[in-house]
Amino acid sequence: MIVDNHPYEVNQEGHLEIGGMDTVDLAEKYGTPLYIYDVKAIRENCRAFVQTFEELDIRAQVAYASKAFSSIAMVQVAKQEGLSLDVVSEGELYTALQAGFPVEKIHLHGNNKSIEELSMAIQHDIGCIVVDNFLEIDMIGKLLEKYDKKMDVLMRVTPGIESKTHKYIMTGNEDSKFGFNLQNGQADEAFTKLFEHPYIQFKGLHCHIGSQIFETEGFLLAAEVLFKQIAVWNEKYDFVPEVLNLGGGFGIRYTGEDSPLPLNQYAEKLGAAVTDFASKLDIPVPEIWIEPGRAIVGNAGITLYSIGSTKSIPGVREYISVDGGMTDNLRPALYQAKYEAVIANKADKEPTGQSSIAGKCCESGDMLIKDLPLPEPETGDILAVFSTGAYGYSMANHYNRIPKAAVVFVEDGKDQLVVQRESYKDVVKNDLTYE
Ligand SMILES: *Cc1c(COP(=O)(O)O)cnc(C)c1O
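Worth saying up front: this structure is predicted, and the values here are computed from it rather than measured.

Cut-offs and rules
Residues numbered from 1 in each chain as written. Predicted model: local features only at pLDDT ≥ 70, side-chain atom pairs only at ≥ 80, totals over all residues. Heavy atoms only, no water. Helix = DSSP H or I, 4+ residues; strand = E, 2+ residues; numbered from the N terminus. Contact = heavy atoms within 4.5 Å. Areas by Shrake-Rupley, 256 points an atom, 1.4 Å probe, with all protein chains shown as cover. UniProt positions renumbered as here; feature names shortened; annotations may be inferred. 1 Å grid on protein atoms, 1.4 Å probe; cavity = no way out; pocket = protein on both sides within 12 Å on 5 of 7 lines; lining within 4 Å. Buried < 20%, exposed > 50% of the residue type's maximum accessible area, 1.4 Å probe, protein only. Expected span 1.5 Å × (residues − 1). Near = heavy atom within 4 Å. Polar contact = N/O pair within 3.5 Å; in protein donor to acceptor, adjacent residues only side chain to side chain. Sits in = over half its atoms within 2 Å of the grid points. Core = buried A, V, L, I, M, F, W, Y, C linked by side-chain atoms within 4.5 Å. Domains from an automatic or database assignment. Axes fitted to C-alpha atoms, helices over the stretch in contact; angles between N-to-C directions. Parallel < 35°, antiparallel > 145°, perpendicular 65-115°, else oblique. Left-handed = near helix turned anticlockwise from the far one by under 90°. Nonpolar A, V, L, I, M, F, W, Y, C, P; charged D, E, K, R; others polar. Buried area = accessible area lost by both parts, 1.4 Å probe.

Draft legend 1. Local environment of the overall build of the protein. Secondary structure assignment for the protein yields 12 helices and 23 strands. Each principal axis of the C-alpha distribution contributes one length, and for the protein these read about 70 × 60 × 40 Å. The contacts of the protein with a sequence gap of at least 6 include a subset with a gap of at least 24, amounting to 68%. Here the protein has roughly 19,500 Å² of accessible surface; of this, 48% comes from carbon and sulfur atoms.

Shown next as structure tokens:
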């Protein structure tokens, strides 16, 4: 049985399963709230991209955007699947190094990289820095000179593509904090600095047009814009890009309103378009890089909560409160993100009514799901929220001094704790007394 189109089974006891494991047993064993990942699903998502490029004989790097869910165990899985890795901070880089991720496949992003971050990246000989602004070009130049090292660099540009009600259009407006502006000459100025730099090995362009994108149109438009710029630099400076990075943003299914493409289709269409653009320009096809985050981990993870208090306001709304909320999943409060859920111990029961799921934080906005159809909810039931694998744990916070939840991986009928639940000692560990 497939639950509400989410790829989970229900066992004979009527309990929701993940990766062949009973979620109610896992909740009992590890406590709630609890993030659980089906590692097989993560691997399948990785392979949908990697294998498609391989089958089409297209040179590509699939870099997992680790901000979606960064932990040592997750970085290990990305390594096992042959992915590259995007990091955007010293903390994410440190996590990758602790996991033994191959440094030459790590790429550093960020619109305000510090001198410490850049030094750490250069000293560890990571694979590539995606340059975002002029200050950074100066800093990288000085550091490379100091350490007498060379570094591969991509230039992040803002292609000026916007989604208008799911239709992608080019706009003159490149209003973004990220990257060099293509239209006002900034990118040209940056190009000359990078191209002629004695220590910087300029490899090509990067763009990232957004997130939770359900079609390929925006990516193809972006590739077109980048190739237009490449044509100019090719003509003027004989520049031939070795890499074209089209970013991440591949959409997943959170609720029935979402209809993502199968992941292999993104790889197919992008591969075909880049090959086509390169042949029109009569240059070798650059290596295609993409950076999926959400699409790798989003639908592989669920969160379990225990249901506590309930509140009925007849004619208005039924509330049920859970033992987590915006501290383990900030997305509903941050951008009205929608989710679906079932009662894990009643997963075989039909809904009999609707309840809204409230978090336990002292914020009226701490609501996880509005008007969720459920069978009669009772205190002590386990609620399983689907598709919480991306930007859940990674955005977890200590609001109301709530300790961060644990993370469990399941695979091949085995469960393994990969991030411990925080203790109250952990919560106060940096606090000092005031004398
Ligand atoms: C956030 C981000 C990604 C990943 O986005 P998803 O929507 O999780 O795929 C990739 N590249 C860059 C530069 C990003 O900022």
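Draft legend 2. Representation of the UniProt feature "binding site: pyridoxal 5'-phosphate" (unreviewed entry) in the protein within the structure. Mapped onto this numbering, the UniProt entry annotates "binding site: pyridoxal 5'-phosphate" (unreviewed entry) at G249, E291, P292, G293, R294 and Y391. Among the annotated residues just listed, those lining the largest pocket are G249, E291, G293, R294 and Y391. With respect to the helices, strands and loops of the structure, G249 is situated in the loop between β14 (243-245) and α9 (263-281). In this structure G249 touches H208, G210, S211, Q212, I213 and F219, once residues within four positions along its chain are discounted. Here P292 shows up in the loop between β15 (287-290) and α10 (294-297). Judged by its relative accessible area of 0%, P292 is buried. For P292, the residues in contact, after removing those within four places along its chain, are F49, V62, A63, Y64, A65, G248 and F250.

Draft legend 3. Up close: helix α8 (residues 217-237). With 21 residues, α8 should reach 30 Å at 1.5 Å per residue; the first-to-last C-alpha distance of 30 Å fits that figure. Taken as a whole, α8 has its buried residues at G218, F219, L221, A222, A223, V225, L226, F227, Q229, I230, W233 and N234. Following α8 by one or two positions, D238 adopts a phi angle in the positive range, close to 60°.

Draft legend 4. Region of the structure containing the site of the ligand. Near the ligand, the surroundings consist of 14 residues, among which K67, S211, E291, R294 and Y391 are the closest. Residue G293 places a main-chain N or O atom 3.0 Å away from an oxygen atom belonging to the ligand. Between the ligand and R294, the relevant distance is 2.8 Å, taken from an oxygen atom to a main-chain nitrogen or oxygen of the residue. Taking a 2 Å distance to the grid points as the criterion, the majority of the atoms of the ligand fall inside the largest pocket.

Draft legend 5. Up close: the nonpolar core. Counting 112 residues, the largest nonpolar core has Y64, I129, M155, V297 and L383 as its most contacted members. Top element by residues in this core is α8. It accounts for nine residues. Lining this core are residues from two domains, each supplying at least three of them: domain 1 (9-30 + 300-418) and domain 2 (40-297). Membership of the second largest hydrophobic core comes to 22 residues, among which are I302, I382, A384 and V410.

Draft legend 6. Quick peek at the packing of helix α5 (residues 115-123) against helix α6 (residues 134-147). Relative orientation of the contacting elements α5 and α6 amounts to 45°, with a least axis distance of 10 Å. Classified by the angle their axes make, α5 and α6 are oblique. Considering the relative orientation of α5 and α6, their crossing is right-handed. Counting all contacts with α5, which are made through I115, L118, S119, I122 and Q123, the residues of α6 involved are E136, M139, I140, L143, L144 and Y147.

Draft legend 7. Spatial organisation of the environment of R253. Note on placement: R253 falls in the loop between β14 and α9. Taking the C-alpha atoms as reference points, R253 and P7, separated by 246 residues in sequence, lie 11 Å from one another. Polar side-chain contacts of R253 include one of 3.3 Å to the side chain of H6.

Draft legend 8. Examining the packing of helix α2 (residues 39-55) against α9 more closely. Closest axis-to-axis distance for the α2/α9 pair is 8 Å, and the angle between their directions is 25°. When the axis of α2 is compared with that of α9, the two are roughly parallel. Relative to α9, α2 is oriented so that their crossing is right-handed. Of the residues in α9, those touching α2 at N45, A48, F49, T52 and F53 are L263, N264, Y266, A267 and E268. For the contact of α2 with α9, the residue count by class is six nonpolar, three polar and one charged.

Draft legend 9. Fine view of the domain arrangement of the protein. Taken domain by domain, the protein comprises domain 1 (9-30 + 300-418) and domain 2 (40-297). Placing a centre on the C-alpha atoms of domain 1 and another on those of domain 2 gives a separation of 33 Å. In this complex, domain 1 contributes 17 residues to the contact, which on the side of domain 2 involves 20 residues. Note on domain 1 versus domain 2: buried area summed over both sides is about 1,700 Å², and carbon and sulfur give 56% of it. When the buried area of domain 1 at its contact with domain 2 is split by residue, A300, Y391 and F409 rank highest and sum to 32% of it.

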